[in-house]
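Read off the chains here:
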Amino acid sequence: MAKIGLKNLRHSYSANPSQPSDYALKEIDLDWSDGGAYALLGPSGCGKSTLLNIISGLLVPSEGRILFNDVDVTLLPPAQRNIAQVFQFPVIYDTMTVYDNLAFPLRNRGVDEPHVDKRVREIAAMLELDGELKRKAAGLPPDSKQKISMGRGLVRDDVNVIMFDEPLTVIDPHLKWKLRSKLKELHHKVHATMIYVTHDQTEALTFADQVVVMQDGEIVQIGSPVELFETPAHTFVGHFIGSPGMNVVPCEIRDGAAFVQNMHIATANSASGIGRTELGVRPEFVTLSDAGLPVQVVKIADVGRHRVVETRAGDVRINVLVPEGEPVSVGPSHLAFDPSQSRIYQDGWLAGSRQ
Amino acid sequence: MTLELRNVTKRVGVDMHIHKTDLTLADSGFNVLLGATNAGKTSLIKLMAGLEQPTTGEIWMNGKNVTGISPQKRNISLVHQFFVNYPNMNVFENIASPLRVAGVKSSEITRRVNEAAEILRLGPMLKRKPSELSGGQQQRTALARAIVKESELVLLDEPLANLDYKLREELRDQLPALFAGRGAIVVYATSEPTEALLLGGHTATIYKGRVTQFGETTATYRMPQDLNTAEVFSDPPINTAVVLKQGKDFVLNEQVKWRGTGEANALADGQYTVGIRPHFVTPNAVAAGETSITGVVQITELSGSESVAHFGIGGGQNWVALSNGVQPYQIGTEHTFWIDTSRCLYFTPDGRVAA
């Protein structure tokens, strides 16, 4: 296993990049410690797959270096990097048994049979494939095939890093939660450095100790699940994590304090008032009340355990989560904001925290 | 406007894909078909579209028997999970295609395509080919085509399943308004209970080829008439266990027993299955009279704003607890949870609701 260093990485798919928008990866500089569970989270096109391909060696970055345990591997081809990868779709040999599929990466490297047997059985037990070892892979359902794929990634204990690229895409929703938590459990057992790439917040937050949130080729925040939920460093993180996401409401700054439509809103931070300023507050921390910001309730969606209430302050949409049982009706109302969970953002970034 | 399935069955070989179904759908709000993969949602949609013929029974549209009439001769639109567009046509022509086939005059086509493109924010993309679009834009193109056609029946078969979840959130939010007031019957198939709740309207729960219940979405969710419906309409899965009613008490095991409330009090002594949704099993007591249950946490999950814990309740069975925020669960350690017993549903041994 290895610690991984990404030093001043930039990548452009065009031959002569001249402006920031020419870069699929803008500037990445980070260190991942040995044995950690990391997730790269972001929407399609955010650069997460580019970054993954650079780490695996499928792509040489335009600028910067990749270090595995302080050794520069930037120019090494994938085969020499000693990594394992699990892809969106199962990569297995249909004609082989489950056992032989799992044993393949080990036999390929000349590992002796007693060790192969021990390791295959360990991994099969962890993935609950131990009852299927003698079956041909061809007849198995998609989730079992993907478990074999994962097993092939996990079976070698000498790899630098195991990378998962949207591994649960083909899995039925009602089986996803099982595999999601299975992977987390496996990380605890095998102590490998793992990198998990996904656009799904639940997968990322469930799996990783540290989540790297990306947007437009840039890292917008690196943090634990709690940090990402409680103190988003950027409005994008607030919006992307949580469902519905954080409300982002344009505001004016007077003497460092936030004013929304001329009403003062108490916040946890203050701001200089330079640039575009917005108030960020999650729907969980907004309540309907008798006083506060005047709004119109325009829509109420009952999702069972709470209601998602859509309000408008002028033409700005603000969502509120209302617990089951509390009365709500369409029409005029007011909003109160929890000051400890309301924050000012300047040009997208949490005011006073720009990294 | 109504679509009626009268005594419809569908048998393929020896397999009953759809058991006898009577269903009347109207044009007020969405009609959601909710069920797991292979429950029969797509079979029902194909029967409604006329792409497949029922083995027995009839399909009536606006009081007219349309059984056996080909899909081309019915005024329907169908949007699939996979984005289906003509790769050689630009977005404008893709949206216009059903109107061209129908011989609508050119100026009218331009007006209707532009209107639909405006609603779906495809205005700037009209000259692009599908290959130059993101997944979300491709699916919006398919939806726009369904809108311009002004069909009497719009069938949406998991249309958002292949999109990033943030995009899914956005489109799901817009879809009901998009079709409101257009006089079309809209049928929407999904495997996600939360999606059904957010879409509102009416929901039919489908379990192994049977419509187990049909009614207003929130009523179906809150008042399931049988255990299958409760299970289909719960995410995370509803917790169940066999309990014994003895006098005033419901007994799960020696440690966990509670007094019945309301109708449950009047149930005869004997064996029942209790059903309790995960958000009524929480790590902190929220109401008086709650019963505690202790178990070892097996699995935890984070969605960003909510935490899920799977814990053992004995007998190899797991329950799920769902609560707001990020909870500090430790896998492998014992935690105590609180059951809001006033929210328990009780089912008879044959699965009918008892209280």
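To keep things clear, this report deals only with the structure shown in the data block. (Residues numbered from 1 in each chain as written. Chains lettered and ligands numbered in written order. Predicted model: local features only at pLDDT ≥ 70, side-chain atom pairs only at ≥ 80, totals over all residues.)

**Some words on the pairing of strand E7 (residues 161–165) of chain A**
Residue and element names in this part refer to chain A. Buried residues dominate E7, accounting for 5 of its 5 residues. A two-sided burial pattern is seen for E7, the buried positions comprising Val161, Met163 and Asp165 on one face and Ile162 and Phe164 on the other. As judged from the 4 bridges shared by strand E6 (residues 83–86) and E7, these two strands associate in the parallel manner. Note on E7: the bridge partner recorded for Ala84 is Ile162. As judged from the 4 bridges shared by E7 and strand E8 (residues 194–198), these two strands associate in the parallel manner. Along E8, the bridge assignment pairs Ile162 with Met194. (Buried ≥ 20, exposed ≤ 12 C-beta atoms within 10 Å, placed from the backbone. Helix = DSSP H or I, 4+ residues; strand = E, 2+ residues; numbered from the N terminus. Pairing = 2+ DSSP bridges.)

**Here's the deal with the packing of helix H2 (residues 91–101) of chain B against helix H3 (residues 106–119) of chain B**
Residue and element names in this part refer to chain B. Remark: H2 packs on H3, axes separated minimally by 10 Å, with the N-to-C direction vectors making an angle of 130°. Compared by their axis directions, H2 and H3 come out oblique. Helix-helix and strand crossings are classified by hand; for H2 and H3 the assignment is right-handed. Each of Phe92, Ile95, Ala96, Leu99 and Arg100 in H2 lies in contact with H3, whose residues at this interface are Ile109, Arg112, Val113, Ala116 and Ala117. (Axes fitted to C-alpha atoms, helices over the stretch in contact; angles between N-to-C directions. Parallel < 35°, antiparallel > 145°, perpendicular 65-115°, else oblique. Left-handed = near helix turned anticlockwise from the far one by under 90°. Contact = placed C-beta atoms within 7 Å.)

**Considering the sheet that holds strand E13 (residues 257–260) of chain A**
Residue and element names in this part refer to chain A. The 3 strands lie next to each other as E12-E13-E14, forming an open sheet whose pairing is antiparallel. Only two strands of the sheet have a single neighbouring strand rather than two, namely strand E12 (252–254) and strand E14 (263–265). Taken pair by pair, the neighbouring strands of this sheet meet at an average axis angle of 45°, ignoring direction. Strand direction decides the pairing type here: E13 and E14, joined by 3 bridges, are antiparallel. When the bridges of E14 are listed, Val260 appears paired with Met263.

**Section: the interface of chain B and chain A**
Tallying the contact residues gives 25 residues for chain B and 28 residues for chain A. At the level of secondary structure, the elements contributing two or more residues to the side of chain B that touches chain A comprise helix H5 (165–179), helix H6 (193–199), helix H7 (217–222) and strand E16 (291–302) of chain B. For the side of chain B that touches chain A, the per-class residue count stands at 8 nonpolar, 12 polar and 5 charged. (Nonpolar A, V, L, I, M, F, W, Y, C, P; charged D, E, K, R; others polar.)

**Digging into helix H3 (residues 113–126) of chain A**
Residues and elements named next belong to chain A. Compared with the 20 Å implied by 1.5 Å per residue over 14 residues, the 20 Å span of H3 between its first and last C-alpha is a close match. Among the residues of H3, those classed as buried are Val120, Ile123 and Ala124. Viewed along the axis of H3, the buried residues span an arc of 100°, placing them on a single side of the element. In H3, the exposed positions angled more than 90 degrees off the buried face are occupied by Pro114, His115, Lys118 and Ala125. Where H3 is buried, its residues touch helix H2 (98–107) and helix H4 (142–154). Immediately downstream of H3, the backbone of Glu128 shows phi near 55°, a positive value. (Expected span 1.5 Å × (residues − 1). Arc of directions from axis to C-beta.)

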